[in-house]
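Observations on the three-dimensional arrangement
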Amino acid sequence: MRDLSALPNLNIALIQTTLAWHDRRANLEHFEVLLDQARGADLIILPEMFTTGFSMESETLAEPEHGPTSRWLKDQAAKLDAVITGSVIVQAGDGTHRNRLLWARPDGEVLHYDKRHLFRMAGEHNHYTPGERQVLFELKGWRIRPLICYDLRFPAWSRDAEDTDLLLYTANWPGARRQHWNRLLPARAIENLCYVAAVNRVGTDGKGFAYTGDSQVLDFQGETLLSAGEADGVFSVSLSATDLAAYRTRFPANLDADRFEFTN
C-alpha cells in the first residue's frame, strides 16, 4: 500500500448548474463566471456534456479532439492554476463520436476518458462509441479515476484496481432516478475504500427532462462531506490523505478483493 502521509490535502470544487440546450457559447460564458468563484481549488469538476446538455445529436454537435472547448479549458486551467474537467461531445481522430471527459491541466496538457457505458434507454449507444479503457490521472500525488454518469451502475468498471484515492463521476442524472444516484454513490465509496466526488446538473433540458442535482462528495465510509442538494452554484471541500490512509490501515478490506481482468 502506498504511503499517503506526505500528500497534501486536495481542494476540490463542484459546479452544479443549469445548462443551455445545444448552445456552447452560452454555456462557456456561464461557466467562466462560476469558475471565477472556484479560485483556490486544485480540481474543478463540471457536469457531463456541459456545453450542450445530454444530447444524441452527436453528428451536429461534435467538436474536433482539440476543438474550441478543449482550448477554452486549457485557458481556464492556466488562468486558475487548477485542473478543470467535464465531458463534451467529441469526434475522435478515427471519426467516431465520443462522450469524452477532458482533463485540462494548468500546464496546457489535456488528457481524456471516453464513457464506457452508453445509456441505451436514451439511445446513446446508437450515436456514440464506447470507451475501451479505464484511465487514472494523478494530481498532487493523488490518484484520481474519472467515470461518466451511467458508468456508476456498473461496479466492476468502478472497481479499484490502481489504488485509487478519488473516484470522480460527472453526470446528467435525471431526477426521476434520483434515489439510485444517492444510493449507488456511497456504495462505490465504501467498496473501493476511497473518496467519491460526483457532479450533476440542475434545471430542465431541451427534451423536458428535469434534473435535481445532488452533487456530492463522500468519504471512504460513504459519509457525506458535501451535499449541494438542488442548489445552483459552486461547492467546495478539502480532502485529507491522512484520514484516508488511517482508515485503510484500520480496515484493509482491499487486501481481500477479487482479482479480475476486463475483455472487450
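Provided above is the structure to which this section pertains.
Residues numbered from 1 in each chain as written. Predicted model: local features only at pLDDT ≥ 70, side-chain atom pairs only at ≥ 80, totals over all residues. Heavy atoms only, no water.

**What to know about the layout of surface pockets**
Note the cut-off: Lining residues are defined by having an atom within 4 Å of a point belonging to a cavity or pocket. Those points lie on a 1 Å grid over the protein atoms alone, cavities being sets where a 1.4 Å probe fits but cannot get out and pockets being open sets with protein on both sides within 12 Å along at least five of seven lines. Grid points are joined across faces, edges and corners, and a volume is the space filled by probe spheres set on the points. The residue classification treats Ala, Val, Leu, Ile, Met, Phe, Trp, Tyr, Cys and Pro as nonpolar and Asp, Glu, Lys and Arg as charged. All others, Gly included, are polar.
Of the pockets and cavities examined, the second largest pocket occupies roughly 270 Å³. Lining the second largest pocket are 18 residues, with Phe-54, Phe-119, Ala-122, Pro-174 and Arg-177 positioned closest to its centre. Each residue belonging to the lining of the second largest pocket can be placed in one class, and the counts come to eleven nonpolar, one polar and six charged.

**Quick word on the nonpolar core**
Heads up, the condition is: Here, nonpolar core means buried Ala, Val, Leu, Ile, Met, Phe, Trp, Tyr and Cys residues that are tied together by side-chain atoms lying within 4.5 Å of each other. Exposure is judged per residue with a 1.4 Å probe applied to protein chains only, and the accessible area is read against the type maximum: over 50% gives exposed, under 20% gives buried, and values in between give partly exposed. Under the scheme used here, helices are H or I runs from DSSP no shorter than 4 residues and strands are E runs no shorter than 2 residues, and both carry numbers assigned from the N terminus. The contact criterion used throughout is that any non-hydrogen atoms of two residues lie within 4.5 Å.
Counting 49 residues, the largest nonpolar core has Ile-12, Leu-43, Trp-103, Ile-144 and Leu-239 as the members making the most contacts within it. Counting residues per element, this core draws most heavily on strand β10 (residues 195-199), which supplies five residues. Ignoring anything within four residues of it in the chain, the contact list for Ile-12 reads Ala-41, Leu-43, Ala-197, Val-217, Phe-235, Ser-236, Val-237 and Leu-239. Formed by 22 residues, the second largest nonpolar core is a distinct cluster that contains Leu-35, Ala-77, Val-88 and Ala-104.

**As for the pattern of salt bridges**
We apply this condition: Throughout this description, the term salt bridge denotes a Lys or Arg side-chain nitrogen within 4 Å of a carboxyl oxygen of Asp or Glu.
Counting across every chain of the model gives 19 salt bridges. Asp-163 is the partner of Arg-2 in a salt bridge, and the nearest nitrogen-oxygen pair spans 3.2 Å. Of the two residues, Arg-2 is situated in the segment before β1 (10-16) and Asp-163 in the loop between α5 (155-158) and β9 (166-170); the sequence distance between them amounts to 161 residues. As a salt-bridge pair, Glu-124 and Lys-115 come within 2.9 Å of each other at their nearest N and O atoms. An identical accessibility class is assigned to Glu-124 and Lys-115; each is buried. Taken together, the shared-partner salt bridges connect Glu-65, Asp-94, Arg-98, Arg-100, Asp-114 and Glu-132 into one network.

**Observations regarding the sheet that holds strand β13 (residues 216-218)**
Put simply, the rule is: The pairing criterion for strands is at least two bridges between them, as found by DSSP. For helices, the fitted axis covers only the stretch in contact; all axes are lines through C-alpha atoms, and the angles between them, taken along N-to-C directions, range from 0 to 180 degrees.
Strand order across the open sheet formed by six strands is β7-β8-β9-β10-β13-β14, with mixed pairing between neighbours. Each of the sheet's edge strands pairs with one partner strand only, and the pair in question is β7 (137-139) and β14 (224-227). In this sheet, neighbouring strand axes are inclined to one another by 20° on average, regardless of whether the strands run parallel or antiparallel. For β9 and β10, the ladder comprises five bridges, and the chain directions are parallel. Paired with Leu-166 across the strands is Tyr-195, a residue of β10.

**A short note on the environment of Glu-138**
Along the chain, Glu-138 turns up in strand β7. The exposed category is assigned to Glu-138, whose relative accessible area is 52%. Residues Glu-138 and Asp-214, spaced 76 residues apart in sequence, show a C-alpha to C-alpha distance of 26 Å.

**Some points on unusual backbone geometry**
A positive phi angle is found at Met-49, which is not glycine, with a value near 45°. Inspection of the secondary structure assignment puts Met-49 in the loop between β2 (43-45) and α2 (58-61). Positive phi values are uncommon outside glycine, yet Cys-149 reaches one of about 40°. Its place among the elements puts Cys-149 in the loop between β8 (142-148) and α5. Residue classification places Cys-149 among the buried positions, given a relative accessible area of 8%.

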